[in-house]
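Each chain is listed here by its residues.
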4 protein chains.
Amino acid sequence: MTTGEISDTSQTVAAGELRAFIERIERLHEERKTIAEDISEIFSEAKGRGFDTKAMKSCIKLRAMDSTQRQEEESILELYKAALGIV
Amino acid sequence: MTTGEISDTSQTVAAGELRAFIERIERLHEERKTIAEDISEIFSEAKGRGFDTKAMKSCIKLRAMDSTQRQEEESILELYKAALGIV
Amino acid sequence: MTTGEISDTSQTVAAGELRAFIERIERLHEERKTIAEDISEIFSEAKGRGFDTKAMKSCIKLRAMDSTQRQEEESILELYKAALGIV
Amino acid sequence: MTTGEISDTSQTVAAGELRAFIERIERLHEERKTIAEDISEIFSEAKGRGFDTKAMKSCIKLRAMDSTQRQEEESILELYKAALGIV
DNA sequence: GATGCGCTTTAAATGC
DNA sequence: GCATTTAAAGCGCATC
């Protein structure tokens, strides 16, 4: 048995494991892509029903935010707006 | 029936529809987030098994490119060469 | 004179012109990149002085917006927030 | 001296500093916008001269890639090949 | 006027 | 924890 053979064997095992990991991830990537497409479809549907998708996205973002952090950000923004004279 | 009532009614209807759209999207966001976490877990697992996650990501990207993007880049390159008069 | 020669000639002229256009654009790209870096530097400096860059960006965006459109967007957002019960 | 006064003072100072930062950024935004318009003009001019602007943009992108990114992609490919045991 | 595409910007993950 | 790098979102344009 040569050093090369040993090396080859261990590398083959690693390659199989690597391939398995990568294929699992690729499968999840596919699922994620499908979901993204579903989301786009819903926005299109909402748009077709006359809704403003931009405002919808803002609402979704607001709902997703932790209320504590959201108020914190809002207060610092108000502070800055005041400092800049933005009404 | 006042104008206000009409306005209120239509807004109520819209509100229900809007809420439905948004909740559908939020549900998909949740699913997408779950998938993202699953992907992270797999990378962690692979890392624990001694694999280099950065290289893995490069591999995944290359495998994704091969199918479509690589060909696309090829065609653009041909266009580019033609534009520069490289036969 | 063959068709090939005619074609070659016109293509040579076009190539020179094309190259000139492209180099002008590339020069402007360089300038634009420099400016982008300058902007980043200022944000870094502001961050080092304790300012919240995210809020700064919001303020800049608000100042850039047409007040009419801004109020319009704000009103539709408020409408949606009310419909969704976002306080 | 009250806490309120201290707070007000620091805020006033911060306001001036904040305003200065933001105005510097806005000035750079203006410059950047001017450049963007210059670029658009060149594309319009090229279009008027019969060139295909989409292909031009592809060319510019490719030329920008050649210097660094292309080599980077090459090196990633080598890494990829090594990971798969392709000698 | 709507829709797809590309770029810019923004949020997030990762490594130092 | 910060700073870089990478994915995602938002935006504008250019087209049909």
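This one's a predicted model, so the numbers in the text were calculated from it and none came from an experiment.

## Quick word on the confidence of the model for chain A
Averaged over every residue, the pLDDT of chain A is 85; the share at 70 or more is 85%. The element-level mean pLDDT for chain A is lowest in helix H1 (residues 3–48) of chain A, coming to 82, with helix H2 (residues 53–64) of chain A highest at 92.

## Description of the layout of surface pockets
Empty space among the atoms becomes visible once a probe the size of a water molecule is rolled across them. Estimated volume of the largest pocket: approximately 1,500 Å³. Taken together, 33 residues make up the lining of the largest pocket; nearest its centre are Ser58 and Leu77 of chain A together with Ser58, Leu62 and Leu77 of chain C. Contributing elements (two or more residues each) for the lining of the largest pocket: H2 and helix H3 (67–84) of chain A together with helix H2 (53–64) and helix H3 (67–84) of chain C. Residues of the lining of the largest pocket, tallied by class, amount to 10 nonpolar, four polar and 19 charged.

## Some points on the packing of H2 of chain A against H3 of chain C
With their axes 9 Å apart at the nearest point, H2 of chain A and H3 of chain C run at an angle of 55 degrees to one another. With respect to H3 of chain C, the axis of H2 of chain A lies oblique. As for the relative orientation of H2 of chain A and H3 of chain C, their crossing is right-handed in sense. Facing H2 of chain A, whose interface residues are Lys54, Ala55, Met56, Ser58, Cys59, Leu62 and Arg63 of chain A, H3 of chain C presents Glu73, Ile76, Leu77, Tyr80, Lys81 and Leu84 of chain C.

## A few points about the nonpolar core
Met56 of chain C together with Leu18 and Met56 of chain D are the most contacted members of the largest nonpolar core, which has 37 residues in total. Of all the elements in the fold, those that place two or more residues in this core are H3 of chain A, helix H1 (3–48) and H2 of chain C together with helix H1 (3–48) and helix H2 (53–67) of chain D. Of all the elements, H1 of chain D adds the most residues to this core, at 11 residues. Discounting chain neighbours no more than four positions away, the residues touching Met56 of chain D are Leu18, Phe21, Ile22 and Ile25 of chain C together with Phe43, Ala46 and Phe51 of chain D. Membership of the second largest hydrophobic core comes to 35 residues, among which are Phe43 of chain A, Ala46 and Cys59 of chain B together with Leu84 of chain C.

## Quick notes on the protein's contact with DNA strand F
As a matter of local geometry, DNA strand F sits amid Arg32, Lys54 and Lys57 of chain A, Arg32 and Lys61 of chain B together with Lys47 of chain D. Here the atoms of DNA strand F within 4 Å of the protein split so that 100% fall in sugar or phosphate, with bases taking the remainder. Here a phosphate oxygen of DNA strand F and a side-chain polar atom of Arg32 of chain B are 2.6 Å apart. Looking at side-chain class alone, the surface near DNA strand F contains no nonpolar, no polar and six charged residues.

## Some words on the interface of chain B and chain A
The extent of an interface is frequently quoted as the accessible surface area lost upon association of the parts. Chain B puts 27 residues into the contact, and the matching count from chain A is 27 residues. With both sides pooled, the region where chain B packs onto chain A buries about 2,800 Å², and carbon together with sulfur makes up 75% of that total. Counting every contact that joins chain B to chain A gives six salt bridges. Among the ionic pairs, Glu17 of chain B bridges to Arg49 of chain A, the shortest N-O distance being 2.4 Å. Put simply, chain B and chain A have five residue pairs in polar contact (both at pLDDT 80 or more) between them. Contributing elements (two or more residues each) for the side of chain B that touches chain A: helix H1 (3–48) and helix H2 (53–67) of chain B. Looking at the side of chain B that touches chain A, the element that brings in the most residues is H1 of chain B, giving 21 residues. Partitioned by chemical class, the residues of the side of chain B that touches chain A number 15 nonpolar, one polar and 11 charged.

Cut-offs applied
- Residues numbered from 1 in each chain as written.
- Chains lettered and ligands numbered in written order.
- Predicted model: local features only at pLDDT ≥ 70, side-chain atom pairs only at ≥ 80, totals over all residues.
- Heavy atoms only, no water.
- pLDDT = per-residue confidence, 0-100.
- Helix = DSSP H or I, 4+ residues; strand = E, 2+ residues; numbered from the N terminus.
- 1 Å grid on protein atoms, 1.4 Å probe; cavity = no way out; pocket = protein on both sides within 12 Å on 5 of 7 lines; lining within 4 Å.
- Points joined across faces, edges and corners; volume = space filled by probe spheres on them.
- Nonpolar A, V, L, I, M, F, W, Y, C, P; charged D, E, K, R; others polar.
- Axes fitted to C-alpha atoms, helices over the stretch in contact; angles between N-to-C directions.
- Parallel < 35°, antiparallel > 145°, perpendicular 65-115°, else oblique.
- Left-handed = near helix turned anticlockwise from the far one by under 90°.
- Contact = heavy atoms within 4.5 Å.
- Core = buried A, V, L, I, M, F, W, Y, C linked by side-chain atoms within 4.5 Å.
- Buried < 20%, exposed > 50% of the residue type's maximum accessible area, 1.4 Å probe, protein only.
- Near = heavy atom within 4 Å.
- Polar contact = N/O pair within 3.5 Å; in protein donor to acceptor, adjacent residues only side chain to side chain.
- Buried area = accessible area lost by both parts, 1.4 Å probe.
- Salt bridge = Lys/Arg side-chain N within 4 Å of Asp/Glu carboxyl O.

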